[in-house]
Each structure stands twice: as C-alpha cells, then as structure tokens.
Amino acid sequence: MGIRGFFEAWSGSYERTFSIPFLRWLERSEREKASAALVVGGKRVLDLGCGYGKYSGLWKARGAALAVGLDFSPGMVARAKARSPDCHFLVGDASRTPFKDGSFDAVTCMGVANYYRDPGPLLGEMRRLGREFLLTFPQRSLLGRIYSFISGAEIHLRDKKEAAELCRPYFRVLGTEECALGLTLVVRGAR
C-alpha cells in the first residue's frame, strides 16, 4: 500500500492514535514548539498536507485571517472540514497546488516531508506560494527509527544539518529546533 492509500485507509481513525498518552504528549510538544515558532495573526496561512486539520485549525484559532488546508486524502479532508469548519480545505497534491504565486503569507508543512525521499518539489512549491515557512522533519534518532518501524510506511529520517541543507536552496533557514524528545525537527524559514 502506498502512502496515499495508507492515509486514506486510516482517515477515519488516524486522529484517535493521539489518544494514547505518550503519543498525545509528543504531539502536544511538537504543536507547542511549532505554534511558538510562527506568528500567524492576521496572515493568510496554507497548511500543506493538512491531514485531519489539526494545524489548520490551530492557525485559525491563533488569529490567522485565512487558514487553508490541502491534503491528497479525500477522507482526511472530510475529517478536517468536520473538525475545523472555519477553515477552507481541498484535496490536492502538496507539490503541485492550484494556487497563484505568493498567495499566502505563511506556508506550513507539518509531518509531510517524512514521506519524500527528495523534498525539493515540495519545498519549491512552498517557496512559490509564501514568504514565511514552517515544516517538520522526523529526526534521525532512536525515537525516529522506532517511529519509522512502527508506522510501516517509508519514512525518511534527517539530522539537523541535513534538514537545514535541504531547505537552504528554497529559503533562509531561521531556526531548526528539536522537539518531541528528539523525534521531530521544526524548521522555520523566510524568503
């Protein structure tokens, strides 16, 4: 099963995985680090690979003027619409969106680069669409390797240096921070 099929199959129950206390704690750690790294008040924010809308809803709750989420899974988009009706959601490819150049002030991509061996097309699309950027990479760590094994999907783990180097051709890297016990790297950037 490919990654698209994986998320479509899990779209109805994926959100419930975060009811497990340890996973909920890791997810909260990442969410807090990410929300502290990006000021969204009054901005137009695009959440690429939005899944069930967790971050899209967070950006809207934190004052985004517009929060748009895009995901390739129709099931995930349906969950996102139900979860965050004040946001806009659509089905599409994060590497080839229907939006015009510079349509957004900020573009986020949380938990998506994991699945790209070469995230260049994804990073290029982010740069085309926005001025500020926030994304995560799973870290090459013990917890990252456990996550990769358990998920059953092909996950591409990176270290801090590699994550920053992947992003530099597309935008200035303003910070790369670990969170969630070293599971995740949060990268913040700007044009």
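Keep in mind the model is a prediction, meaning the values are calculated, not measured.

### What to know about the environment of Asp118
Residue placement: Asp118 occurs in the loop between strand S4 (106-109) and helix H5 (120-129). Between the alpha carbons of Asp118 and His156 there is a distance of 9.2 Å; along the sequence they are 38 residues apart. Polar contacts involving the side chain of Asp118 include one to the main-chain amide nitrogen of Gly120, which spans 2.9 Å.

### Some points on a nonpolar patch on the surface
On the surface, Leu142, Ile146, Phe149 and Ile150 cluster together to form a nonpolar patch covering roughly 500 Å² of accessible area. Within the fold, Phe149 resides in helix H6 (residues 142-151).

### Here we look at the side chain of Asp105
Among the secondary structure elements, Asp105 is positioned in the loop between strand S3 (88-91) and S4. With a relative accessible area of 9%, Asp105 lands in the buried category. Among the polar contacts made by the side chain of Asp105, one reaches the main-chain amide nitrogen of Arg44 at a distance of 2.7 Å. Within the structure, the side chain of Asp105 is placed 2.9 Å from the side chain of Arg131, a separation counted as a polar contact. The contact partners of Asp105, leaving out residues within four places of it in the chain, are Lys43, Arg44, Gly130, Arg131 and Glu132.

### Some words on the pairing of S3
The pairing of strand S2 (residues 66-71) with S3 spans four bridges and is parallel. Bridged to Leu70 within S3 is Leu90.

### Points about the packing of aromatic side chains
Taken as a whole and assessed by the stated rule, the structure comprises three aromatic pairs. Seen from their ring centres, Tyr55 and Trp59 are 5.7 Å apart, and the 35 degrees between their planes marks the pair as tilted. With Tyr55 and Trp59 both in helix H3 (residues 54-61), this residue pair falls four residues apart, about one helical turn. Considered together, Tyr55 and Trp59 belong to a single accessibility category, that of buried residues. Geometrically, the ring pair formed by Phe133 and Phe171 is stacked, given 4.6 Å between the ring centres and 20 degrees between the ring planes.

Procedures and definitions
- Residue numbers here run from 1 along each chain, matching the order of that chain's written sequence.
- Owing to the predicted nature of the model, reporting of local features is limited to residues with pLDDT of at least 70; listing and counting of side-chain atom pairs is limited to 80 or more, with chain, interface and lining totals taken over all residues.
- Just so you know, side-chain values use all the structure's heavy atoms and leave hydrogens and water out.
- By definition, any uninterrupted DSSP run of H or I lasting at least four residues is a helix, any uninterrupted run of E lasting at least two residues is a strand, and each is numbered from the N terminus.
- Whenever a nitrogen or oxygen atom comes within 3.5 Å of another N or O atom, the pair is scored as a polar contact, on the condition that within protein one atom can donate a hydrogen and the other can accept it, and that pairs from neighbouring residues in sequence are kept only if both atoms are in side chains.
- Residues qualify for a patch when their relative accessible area is over 30% and they have no salt bridge, like charges being joined within 9 Å and the nonpolar side chains of Val, Leu, Ile, Met, Phe, Trp and Tyr within 5 Å.
- Residue burial considers only the protein chains on display, and all accessible areas are found by Shrake-Rupley using a 1.4 Å probe.
- Criterion for a salt bridge: a side-chain nitrogen of Lys or Arg within 4 Å of a carboxyl oxygen of Asp or Glu.
- Buried means the residue's accessible area, taken with a 1.4 Å probe over protein chains only, is under 20% of the maximum for its type, while exposed means over 50%, and partly exposed covers the values in between.
- The criterion used for residue contact is that any of the two residues' heavy atoms lie within 4.5 Å.
- By definition, two strands form a pair when at least two bridges between them are found by DSSP.
- Whether two aromatic rings pair depends on their centres lying within 6.5 Å, for rings of Phe, Tyr and Trp, where Trp uses its six-membered ring; planes under 30 degrees apart make the pair stacked, over 60 edge-to-face, and the rest tilted.

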